[in-house]
Amino acid sequence: MTVSPASTRRLMLLADYVHPFVYRSGFPQSVPEVDAVLAAGDLPGYYLEFLASKLPVPIIYVHGNHENEFVNEGDGRLAPRGVIPAHGRVIEVAGLRVAGWGGAPRYRQGGHGQYSAREARWGFRKLGWQLGRRPLDILLTHAPPSGPHAGTDFAHRGCPEITRFMHQRRPALVIHGHIHEYEGRKIEYTDEASGARVINAYGYRIIEVPLTESR
């Protein structure tokens, strides 16, 4: 395994799919060493716990619209252990500042893991209060922002509140899930208004990101 340079961080990105290259007895053989794992939702709790048992690095996750991140051992649903929930929080990990927002815009009544536009506006306002004047490195969400990664159907549409927060706080990187490969979207693009690099984390990806100036 190789180690990323001091000026960069290597991240494993996951979302929406239990990837067979990751969920195997030999993992993490043949995988570059990473500094953190960012999971963008709709991953089962057993998968997240597997990652925590195999990798000595922080596992940061937000929930998806299916909210299948819980585990059930006979005593009801439990949050996955050994991992760090980021929904509605600002977390500093591996020298990076990460803000998290899970779930998807509401597409049916009574659905779990969904939120109204009002709930999203309030949630992102609270994230902004937590950040204060500090810069944001990564915005980790389940739903995509409005734009090239938005889905073609109502349930997978982009979230305007995510887009607004991007333009206000200008994260260097936006990582999302929710949009599967059958949608035919590009893996990543650059948002012109905010300058953010936007990545669809579906499946399994490893990326390197530069560290910003000293905090």
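Relevant structure appears above.
Residues numbered from 1 in each chain as written. Predicted model: local features only at pLDDT ≥ 70, side-chain atom pairs only at ≥ 80, totals over all residues. Heavy atoms only, no water.

*Asks:* Can you tell me about a positive patch on the surface, naming the residues and giving the values?
*Replies:* Together, Arg118, Arg121, Arg125 and Arg164 make up a positively charged patch on the protein surface. Of the residues forming the positive patch, the biggest block, three residues, is contributed by helix H2 (residues 117-131). With respect to the helices and strands, Arg121 occurs in helix H2. For Arg121, a relative accessible area of 41% translates into the label partly exposed. (Patch = residues over 30% accessible without salt bridge, like charges linked within 9 Å, V, L, I, M, F, W, Y side chains within 5 Å. Areas by Shrake-Rupley, 256 points an atom, 1.4 Å probe, with all protein chains shown as cover. Salt bridge = Lys/Arg side-chain N within 4 Å of Asp/Glu carboxyl O. Lys, Arg positive; Asp, Glu negative; His and termini not counted. Charge placed at Lys NZ, Arg CZ, Asp CG, Glu CD. Helix = DSSP H or I, 4+ residues; strand = E, 2+ residues; numbered from the N terminus. Buried < 20%, exposed > 50% of the residue type's maximum accessible area, 1.4 Å probe, protein only.)

*Asks:* If you had to explain the sheet that holds strand E1 (residues 8-15) to someone new, which residues and values would you point to?
*Replies:* One open sheet accounts for five strands, arranged E6-E3-E2-E1-E15; its pairing is mixed. The sheet terminates laterally at strand E6 (84-85) and strand E15 (203-210), the two strands that pair on one side only. When strand E2 (residues 36-39) meets strand E3 (residues 59-61), the two strands line up parallel, connected through three bridges. Looking across to E3, one finds that Leu38 is bridged to Ile60. Sitting on the sheet, helix H1 (residues 45-54) is in contact with E1, E2 and E3, with an inclination near 155 degrees to E3. (Pairing = 2+ DSSP bridges. Contact = heavy atoms within 4.5 Å. Axes fitted to C-alpha atoms, helices over the stretch in contact; angles between N-to-C directions.)

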